[in-house]
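Now for the letters of each chain:
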Amino acid sequence: MTAIVNPVRPLNPPYYHREYSNDVDRPHEQPSNIYKRVTLVALPFLSLYKPLGLPISLGMGAARVYTSANQLISDIQSGDCKKISFDLLQTTIAVIALASTIFAHPIGMIVTTSQDIIFELSDLVQSLQKGDLEASLISLTKIINNAFYLALICRGGLELSIVSFAMQAITLVISSRDEFKKGHILEGCGNLLMAAVRVNQGYSQFKLLQRQWEIEEAIKRIVVGELHKKWQFPSDHLPVGIEVDGVKIISWNVLNNAYMEWVTTKDSQGLNGSMISDLDKVVKPNGLTQRDLIVVDMVASMMNSGQVVALQECGVPFLEALQERLPSHWQMVKSFETPRTDQDVILFDKSRLAYRPDQSGVTKDSYPSVPNRPIQNALFSRIGEGHGRDLRVINAHIPGDPALPVREEFAKYIHDIHRDDQVTVALGDNNFERDEMILAYERMGFSEFSLHSPWKTNIDPYGKHSKAIDHLFVAGGDFSRDLTTDEVLQNGNLRETIALLNGVV
């Protein structure tokens, strides 16, 4: 379950739009200069490259001030008081729009779009007075189109974005028909082509909305009750995985034997009598259990399909057994080299990734509310043809106390350490649901990212409902997708256990 999170935020519309004709020819007249005509047709296409939005706003905003001022001077010379008042107002608004653009581009867009609506209202009144119904229709569609765009800037949202794109396409088709009727082939073709672009952009937004609907449906709360022997998986968490820019990464909380009493004695999740407790039998003097051996086998299977495997809640006996099973081209990076009762580790394929210890390590001060809680940070360079950007993997077990600001503290750490020239993947047992983590990342400054929550992974100890709390955050990646169940783990009842968490018994 993944999609780009919050792709349409307030004051950050997914496309750039303004009525360019209002910048250069008020009242509207067909420009006779071929260069001006080509420029007016080209500008909407140039604005498709989002970084050009601000330069275009500044340039065309200055042109609008000049055009409005010239019209005002002409009105003063003609002595038309009614027009003087209107054009004085429009010149003032144009100056405010240009100044706002300099200091806060989105505010400048709001002022400019509002002025475009005023211009079109004026044109609509004039067309109605003349009885020109076709011109009235064009002005009306432009008013509605600009109104939706203004609402999109102010409120954001995928739904409003889709409606705005649709209105853009309708307006452009109507304008194209009008231009063709007037014999303006260049403008007609330009509007028609831009309408096709807007339809394609709107369809992309609709696919994102569909994906969000699918996610919302998939993460609905389902009470599964106490599963006990029905749970035939060796941990109380399920593994999850993604592929990002060609690298497959798997994350799993394997359940530390030190916390087994929560399953057996306390039975907090209703899993006593499951595979977890049945296999909790010591088989070696160091405390290794039958369950540890099963988990090691599963991790070995994961290394066959992935290039990075991040684990949480690893005990000493388990890590010793896992180290013995590591292939020669794999390496283990631990949170701490000295033995610890519980720690996180990252396994990686040395033939695909080169570990950068000089820029990696463990931080223990990123949770001010939970001192000494570690976060593992590993930076890798790509090996082989094509290389690619460096990959930073943050492996963490976020404290689960909802009364503490741990989500925001973790998200702030990720925001502070992320670099634009790297791909950052933050994963692990997050202990909080998808919407809670999304909110935390947004509050800490991320505006666009992906949060992968492929399936439900755990059972709430209080409500006995299934929940997805093992997530994979991605910033800076060109492409990321959820791994399928078989890509994460080929053997081990993963698919069947997911079905249990979805209420399919």
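Here is what the cut-offs are and how they apply
Residues numbered from 1 in each chain as written. Predicted model: local features only at pLDDT ≥ 70, side-chain atom pairs only at ≥ 80, totals over all residues. Heavy atoms only, no water. Helix = DSSP H or I, 4+ residues; strand = E, 2+ residues; numbered from the N terminus. Rg over C-alpha atoms; globule rule 2.2 N^0.38 Å. Buried < 20%, exposed > 50% of the residue type's maximum accessible area, 1.4 Å probe, protein only. Contact = heavy atoms within 4.5 Å. Areas by Shrake-Rupley, 256 points an atom, 1.4 Å probe, with all protein chains shown as cover. Pairing = 2+ DSSP bridges. Axes fitted to C-alpha atoms, helices over the stretch in contact; angles between N-to-C directions. Parallel < 35°, antiparallel > 145°, perpendicular 65-115°, else oblique. Left-handed = near helix turned anticlockwise from the far one by under 90°. Phe/Tyr/Trp six-rings, centres within 6.5 Å; stacked < 30°, edge-to-face > 60°. Lys NZ or Arg CZ within 6 Å of the ring centre and 35° of its normal. Expected span 1.5 Å × (residues − 1). pLDDT = per-residue confidence, 0-100. Patch = residues over 30% accessible without salt bridge, like charges linked within 9 Å, V, L, I, M, F, W, Y side chains within 5 Å. Salt bridge = Lys/Arg side-chain N within 4 Å of Asp/Glu carboxyl O.

1. Observations concerning the overall build of the protein chain
Then, number 1: Helix and strand counts for the protein chain stand at 15 helices and 17 strands.
Then, number 2: Computed over the C-alpha atoms, the radius of gyration of the protein chain is 30 Å, more than 25% above the 23 Å expected from 2.2 N^0.38 for a compact globule of 505 residues.
Then, number 3: Over its C-alpha atoms, taken along the principal directions, the protein chain stretches across nearly 100 × 50 × 40 Å.
Then, number 4: Looking at the protein chain as a whole, 52% of its 505 residues qualify as buried.
Then, number 5: Across the protein chain, contacts joining residues at least 24 apart in sequence account for 70% of those joining residues at least 6 apart.
Then, number 6: For the protein chain, the computed accessible surface area is about 22,700 Å², with 58% contributed by carbon and sulfur atoms.

2. Some points on the sheet that holds strand β17 (residues 480-482)
Then, number 1: As summarised here, the arrangement of the six strands in space is β6-β7-β5-β4-β3-β17, forming an open sheet in which the pairing is mixed. Every interior strand has two partners, whereas the edge strands, β6 (330-334) and β17, have only one. Strand after strand, the sheet turns through a mean of 20 degrees between neighbouring axes, direction not considered.
Then, number 2: Here strand β3 (residues 240-244) runs beside strand β4 (residues 247-253); their pairing, made up of five bridges, is antiparallel. In the strand pairing of β4, Val240 is matched with Ser251.
Then, number 3: Strands β4, β5 (308-314), β6 and β7 (343-349) of the sheet are contacted by helix α10 (residues 290-305), whose axis makes an angle of about 165 degrees with β4.
Then, number 4: Relative to the sheet, helix α11 (residues 316-325) contacts β5, β6 and β7, its axis offset from that of β5 by approximately 155 degrees.

3. Topic: the packing of helix α12 (residues 406-417) against helix α13 (residues 434-443)
Then, number 1: One way to put it is that α12 packs onto α13 with a least axis distance of 8 Å and a crossing angle of 50 degrees. Between α12 and α13, the crossing angle belongs to the class labelled oblique. For the pair α12 and α13, the sense of crossing is right-handed. Touching Arg407, Glu408, Phe410, Ala411 and Ile414 of α12 are Glu436, Met437, Ala440, Tyr441 and Arg443, all from α13.

4. Focus on the pairing of strand β16 (residues 470-475)
Then, number 1: Among the six residues that make up β16, six are buried, leaving the element largely enclosed by the rest of the structure.
Then, number 2: In terms of strand pairing, strand β12 (residues 422-429) meets β16 through six bridges, oriented antiparallel. Of the residues in β16, the one forming a bridge with Gly428 is His471.
Then, number 3: Sheet analysis places strand β13 (residues 449-452) next to β16, joined by three bridges and oriented antiparallel. Within the sheet, the bridge partner assigned to Ser450 lies in β16 and is Val474.

5. Overview of unusual backbone geometry
Then, number 1: Positive phi outside glycine occurs at Leu11, with the angle close to 65 degrees.
Then, number 2: Inspection of the secondary structure assignment puts Leu11 in the loop between β1 (4-5) and α1 (21-24).
Then, number 3: If you check the backbone angles, Asp245 has positive phi at about 50 degrees while not being a glycine.
Then, number 4: Position of Asp245 relative to the elements: it lies in the loop between β3 and β4.
Then, number 5: Judged by its relative accessible area of 22%, Asp245 is partly exposed.

6. Overview of the packing of aromatic side chains
Then, number 1: A complete count under the given rule lists 14 aromatic pairs for this structure.
Then, number 2: Note on Tyr441 and Phe449: the rings are 5.6 Å apart at their centroids and 55 degrees apart in plane angle, and the pair reads as tilted.
Then, number 3: Measuring from centroid to centroid gives 4.2 Å for Tyr441 and Phe473, while their planes differ by 20 degrees, and the two rings are stacked. Of this pair, Tyr441 sits in helix α13 while Phe473 sits in strand β16, and the two are 32 residues apart along the sequence.
Then, number 4: Accessibility expressed as a relative area gives 0% for Phe473, which makes it buried.
Then, number 5: Linked through ring pairs, Tyr441, Phe446, Phe449 and Phe473 together constitute an aromatic cluster.
Then, number 6: One cation-aromatic arrangement involves Arg340 over Phe336; the distance from NZ or CZ to the ring centre is 3.9 Å.

7. Quick word on α12
Then, number 1: A rise of 1.5 Å per residue sets the reference length of α12, with its twelve residues, at 16 Å; its end C-alpha atoms lie 17 Å apart and thus fit the reference within 8%.
Then, number 2: Listed in full, the buried residues belonging to α12 are Val406, Arg407, Glu408, Glu409, Phe410, Ala411, Tyr413, Ile414 and Ile417.
Then, number 3: For α12, the elements touching its buried residues are β9 (361-363), β10 (375-382), β11 (390-397), β12, α13 and β16.

8. Details of the sheet that holds strand β15 (residues 465-467)
Then, number 1: One open sheet accounts for three strands, arranged β2-β15-β14; its pairing is antiparallel. At either end of the open sheet lies a strand with only one pairing partner, and these are β2 (222-223) and β14 (458-459).
Then, number 2: Pairing between β14 and β15: two bridges, direction antiparallel. Paired with Ile459 across the two strands is Ser466, which belongs to β15.

9. Structural notes on the pairing of β7
Then, number 1: Among the seven residues of β7, seven are classified as buried, and the element is accordingly described as predominantly covered.
Then, number 2: Residues Gln343, Val345, Leu347 and Asp349 line one face of β7 and the alternating positions Asp344, Ile346 and Phe348 line the opposite face, and both faces are buried.
Then, number 3: Relative to β7, β6 is paired through five bridges, and the arrangement is antiparallel. Residue Met332 lies in a different strand from β7, and its bridge partner there is Leu347.

10. Quick notes on the confidence of the model for the protein chain
Then, number 1: Of all residues in the protein chain, 96% have pLDDT values of 70 or greater, and the mean over the chain is 92.
Then, number 2: Between the elements of the protein chain, mean pLDDT differs from a low of 60, seen in β1, to a high of 98, seen in β5.

11. Considering a nonpolar patch on the surface
Then, number 1: Judged by side-chain polarity, Ile34, Tyr35, Val38 and Leu186 come together as a nonpolar surface patch covering roughly 400 Å² of accessible area.
Then, number 2: No other element matches helix α2 (residues 34-46), which puts three residues into the nonpolar patch.
Then, number 3: By the element assignment, Val38 lies in helix α2.

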